[in-house]
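One letter stands for each residue in the lines below.
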Amino acid sequence: MFLSDPSKYRHQMLIRINVFLALVIGSSLLLLGIIYCFASNNDISKHEFQVSNKKEFQLFRTAESEDNTDLINKLKRDLATANEKIEQLENKMQGFEERIKKPYPNVKYLNYRSKKRILVTGGAGFVGSHLVDKLMKAGHDITVVDNFFTGVKANVEQWIGHANFELIHQDIVNPLFVEVDEIYHLASPASPPHYMFNPVKTIKTNTIGTINMLGLAKRVGAKVLIASTSEVYGDPEVHPQPETYWGHVNPIGPRACYDEGKRVSETLSYAYAKHEKVSVRVARIFNTHGPRMHMNDGRVVSNFILQALRNEPITVRSTI
Ligand SMILES: O=c1ccn([C@@H]2O[C@H](COP(=O)(O)OP(=O)(O)O[C@H]3OC[C@@H](O)[C@H](O)[C@H]3O)[C@@H](O)[C@H]2O)c(=O)[nH]1
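Conventions we followed
- Residues numbered from 1 in each chain as written.
- Predicted model: local features only at pLDDT ≥ 70, side-chain atom pairs only at ≥ 80, totals over all residues.
- Heavy atoms only, no water.
- Core = buried A, V, L, I, M, F, W, Y, C linked by side-chain atoms within 4.5 Å.
- Buried < 20%, exposed > 50% of the residue type's maximum accessible area, 1.4 Å probe, protein only.
- Helix = DSSP H or I, 4+ residues; strand = E, 2+ residues; numbered from the N terminus.
- Contact = heavy atoms within 4.5 Å.
- Expected span 1.5 Å × (residues − 1).
- Bend = angle between axes of the 7 residues up to and from the residue.
- Phe/Tyr/Trp six-rings, centres within 6.5 Å; stacked < 30°, edge-to-face > 60°.
- 1 Å grid on protein atoms, 1.4 Å probe; cavity = no way out; pocket = protein on both sides within 12 Å on 5 of 7 lines; lining within 4 Å.
- Points joined across faces, edges and corners; volume = space filled by probe spheres on them.
- Nonpolar A, V, L, I, M, F, W, Y, C, P; charged D, E, K, R; others polar.

Digging into the nonpolar core
In this structure, L119, L176, V178, V180, I183, L214 and V224 are the most contacted members of the largest nonpolar core, which totals 20 residues. When contributions to this core are tallied by element, the ones reaching two or more residues are α4 (199–220), β5 (223–229) and α5 (256–275). Here the element with the most residues in this core is α4; it accounts for four residues. Core analysis: the second largest hydrophobic core is formed by 13 residues, V132, F165, Y184 and L186 among them.

Here it is as structure tokens:
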């Protein structure tokens, strides 16, 4: 067919080519259109995306800013809490630093021949603690035994932890087994309110407690000082009292537990000295005053001080 009529063939070919070209162009245009649409959609979506993104961004920023505000407020709260904790820790640290032992008071060096092992009963009390200070500074090894009935650890805290110092929390009515060279026996309630609080205990401390100390001294060959008191003179009829005065004591009066308790401790001391060859000294301590004294123990000096501080009349109960 094609070869019989070339012009017709050519015309048909031209039509076919035109149709083909039209198809190609059309499909290209269609494709372009699709691409364009897609692209513009994309642009739109992009735009939309941008817009939405922008919105989201705004939202995010807003949220972020809100989150930020919340976050900032939370951080501010955390910071305030942290500052509070830091302040608390600083205060605690300061407390610890204040409680960190100040350096010990100066202690004299003694060689082993001069250094003595010394037991102070009642060493946490008013008189006893000053004696401990003196003996520690002199360079000796000190052991304090105390039941803290009236004494306080604070009276000897400056020595706690020191190599030359030991504190035993014990009542001397129970035997004590230590190796010592000297004993200062001051353990006893010493003011009326304290010794009248438990009269039997006061008598036990000054009798059984003193026997325990004298027996210890005999066993280890220690010298003993017994803290007696002006109360052994009772309600004296002689003024001032010479040591040869025997005293005037009511054996069943309210003060008898202390007065007679101290008198028995003196009797025991001289019996051990005479019959057991124990080296004994007795000190009759009159009213003492100074730092660490009990302010409200009812003895005359602290009474006078308190009344004066309170601008109250000074009570004098007896005249000589
Ligand atoms: O049973 C007791 C009673 C008392 N004690 C202690 O003995 C110490 C007595 O000291 P206080 O401060 O009460 O009395 P003082 O230091 O003023 O008396 C001091 O001088 C008077 C003497 O008769 C006392 O024996 C002496 O301790 C206290 O540390 C107290 O806790 C005991 O260890 N055991």
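Next comes the rest of the description.
Digging into the environment of M295
For M295, the location among the structural elements is in the loop between β6 (280–285) and α6 (300–309). Residue M295 is classed as partly exposed on the basis of its relative accessible area of 33%. Through-space distance from the C-alpha of M295 to that of I305 is 8.2 Å; in sequence the pair is ten residues apart. Apart from residues lying up to four places away in sequence, M295 is in contact with S302, I305 and L306.

Side note on α4
When the terminal C-alpha atoms of α4 are compared, their 31 Å separation across 22 residues agrees well with the 32 Å that a helix rising 1.5 Å per residue should span. Most pronounced at T205, the bend in α4 amounts to some 25 degrees. Those residues of α4 not exposed but buried are T202, T205, N206, T207, G209, T210, N212, M213, L214, L216 and A217. Tucked into the core, α4 has its buried residues touching β1 (117–121), β4 (182–185), α3 (192–197), β5, α5 and β6. G221, located one to two residues past α4, shows a positive phi value of around 70 degrees.

Focus: the packing of aromatic side chains
For the structure on display, the rule yields four aromatic pairs. Ring centres of Y233 and Y245 lie 5.9 Å apart, and the angle between their planes is 25 degrees; this geometry places the pair in the stacked category. Taken together, the residues Y233 in the loop between β5 and α5 and Y245 in the loop between β5 and α5 connect sequence positions twelve residues apart. Accessibility assignment for this pair places Y233 and Y245 in one class, buried.

Focus: empty space enclosed by the protein
Considering all chains together, one arrives at one cavity of 30 Å³ or more under this definition. There is about 50 Å³ of room inside the largest cavity. Here the lining of the largest cavity is composed, by residue class, of four nonpolar, three polar and two charged.

A look at the environment of M293
Positionally, M293 belongs in the loop between β6 and α6. Using a relative accessible area of 15% as the deciding quantity, one classes M293 as buried. Put simply, M293 and Y245 are 48 residues apart on the chain and 28 Å apart in space, counted from C-alpha to C-alpha. The residues touching M293, leaving out its near neighbours within four places in the chain, are F126, T288, V301 and S302.

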